[in-house]
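Single-letter residue listing:
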Amino acid sequence: MRMYLKVLPFLVCLLLSTKLSWSQEKDASRRFWLVEMDKMVSPVLFNLANDKLKENMPKRIPSISDSPEFRIQVQYLEVIGRVFSGIAPWLDLDEGDDYELELREKYRNWVIDGLVNAMDSTANDFLRFDIGNQQLVDASFLALGLLRSNWIWDNLPDETKGHLIDAFKTTRKYTPYFSNWLLFSAVIETFLADKGESWDQMRVNMTINQFEQWYVGDGIYKDGVYFAYDYYNSFVIHPYLTAIIDGLEGKVADHMLHAESIKKRNARYAVILERLIMADGTYPASGRSIIYRGAAFHHLANMAFLNRLPEELPPSSVREALTAVISKTLEPEGTYYKDGWLSIGLHGNQPNLGDSYNNQGSPYLAATIFLPLGLSPSNPFWSNPAEPWSNKRIWSGDREVVKDSGIR
């Protein structure tokens, strides 16, 4: 008994220190994400809010560019849409410590002021959506962000809202390629329907039905007539299909016939993505658009944000996996140019990884990895203690880890 009484204070202190350690670790994990997000996107939104994006954004393109002048023309809408689509859910949140609350307030103001400038024909940063077909792509990411953030839409001036609606409708002049581009049109129409505007249901139905034809199995779709091994199922296909079925739920019936199949495939592809993250945060550098960095896990991040991770993926293990990816893709030397803008590359500055259609705005799709910041700090994704992800467990010799299984 005497020995127990001697040991008891030590055990209490140990438990308290463990609890404190986890509390600190939890806060540090979210703070790390916030700091990395801020570092990435602040040059974009600060300059847009001050009507200086076109003036200060570098005009860098890969040496293999297919149309240098055009790619520079469209880079401004491209960077705005990609950044906003990633941070939009966080802007809707009203929780966090003092640091986070102050940071969010600053970003809310920047986004509102920036979109006002972008829709003001007298502003230096005024953006037209009808100067080339690439703007169908770029406008869709902005529409996706607006579907993800009610707060921003609700707080925009009515005049700016009207200009945005008109701008989105101008993209109907572009016929999408017979590929993932169908989804760009469909998401814009979904946004218009969500805001009570006239919308083209046929564009949406055709897209959903076509992707049913392009489904190849095990949660994966072809991107058009031919299958390509790349990350477009995560960059675009799964997140966009999710936005469509969520945005139009209760509005129409016919395309919703495929909703349950889409959700089942969503879950399976999230598992595949998690299994692609190696124990050190690396992943296969395969296929086109690899310079989008963490956007290779856009879909996994989106499933975490929507609280739809399948049972075999504990939220805190996905947090740890995505944190490893953020660290591996955003911390290396050369990730940012000396002027603070994101470089073209995957692990630092690697310009030869760029594609002919890239510009300075392209790599900012990486902002989509930050979608889980839209979850409350009390959500299990953030509040549960760290758990190792699949490859951490497998390559450490964990005897309890279970094998992967596919679906039809």
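Keep in mind that this is a model prediction, so the values were computed, not measured.

Q: Please explain the confidence of the model for the protein chain as it appears in this structure.
A: It should be kept in mind that the predicted coordinates are not to be read in detail where pLDDT is low. Summary statistics for the protein chain give a mean pLDDT of 93 and a share of 92% for residues scoring 70 or more. Across residues 1-23, confidence stays below pLDDT 50; counting only partners more than four residues off in sequence or on other chains, it has six contacts.

Q: Any chance you could explain helix α14 (residues 315-330) here in plain terms?
A: Working note: α-helix, 3.6 residues per turn, so residues spaced by three or four point in the same direction. Helix length check: α14 (16 residues) gives 22 Å between terminal C-alpha atoms against 22 Å at 1.5 Å per residue, within 8%. Most of α14 sits out of view: 12 of its 16 residues are buried.

Q: Help me understand unusual backbone geometry in this model?
A: The phi dihedral of Ser289 falls on the positive side, at around 60 degrees, and the residue is not glycine. Position of Ser289 relative to the elements: it lies in the loop between α12 (259-276) and α13 (298-305). Here Asn307, not a glycine, exhibits a phi torsion of approximately 60 degrees, which is positive. Positionally, Asn307 belongs in the loop between α13 and α14. The class of Asn307 is exposed, set by a relative accessible area of 52%.

Q: Help me understand the packing of aromatic side chains, please; the structure alone is not making it clear to me.
A: Each aromatic ring pair is summarised here by two numbers: the centre-to-centre distance and the angle between the ring planes. This structure, assessed with the given rule, holds 26 aromatic pairs. Look at Phe129 and Phe168: their rings are 5.7 Å apart centre to centre, the planes differ by 85 degrees, and that puts the pair in the edge-to-face class. One end of the pair, Phe129, is in the loop between α5 (98-118) and α6 (134-148); the other, Phe168, is in helix α8 (residues 158-170), with 39 residues separating them in the sequence. The class for Phe168 is buried, based on a relative accessible area of 0%.

Q: I would appreciate a short explanation of the pattern of salt bridges in the present structure.
A: One side chain can pair with another of opposite charge once the charged atoms of both are near each other. Enumeration over the complete set of coordinates arrives at 22 salt bridges. In this structure, the salt-bridge partner of Glu100 is Arg30, at a minimum N-O distance of 2.7 Å. Of this pair, Glu100 sits in helix α5 while Arg30 sits in helix α1 (residues 2-49), placing them 70 residues apart in sequence. According to the relative accessible area criterion, Arg30 is buried, its value standing at 6%. With a closest N to O distance of 3.4 Å, Glu197 and Lys169 form a salt bridge. In this pair, Glu197 sits in the loop between α9 (181-194) and α10 (201-213) while Lys169 sits in helix α8, placing the two residues 28 residues apart along the sequence.

Reading guide: rules and limits
Residues numbered from 1 in each chain as written. Predicted model: local features only at pLDDT ≥ 70, side-chain atom pairs only at ≥ 80, totals over all residues. Heavy atoms only, no water. pLDDT = per-residue confidence, 0-100. Contact = heavy atoms within 4.5 Å. Helix = DSSP H or I, 4+ residues; strand = E, 2+ residues; numbered from the N terminus. Expected span 1.5 Å × (residues − 1). Buried < 20%, exposed > 50% of the residue type's maximum accessible area, 1.4 Å probe, protein only. Phe/Tyr/Trp six-rings, centres within 6.5 Å; stacked < 30°, edge-to-face > 60°. Salt bridge = Lys/Arg side-chain N within 4 Å of Asp/Glu carboxyl O.

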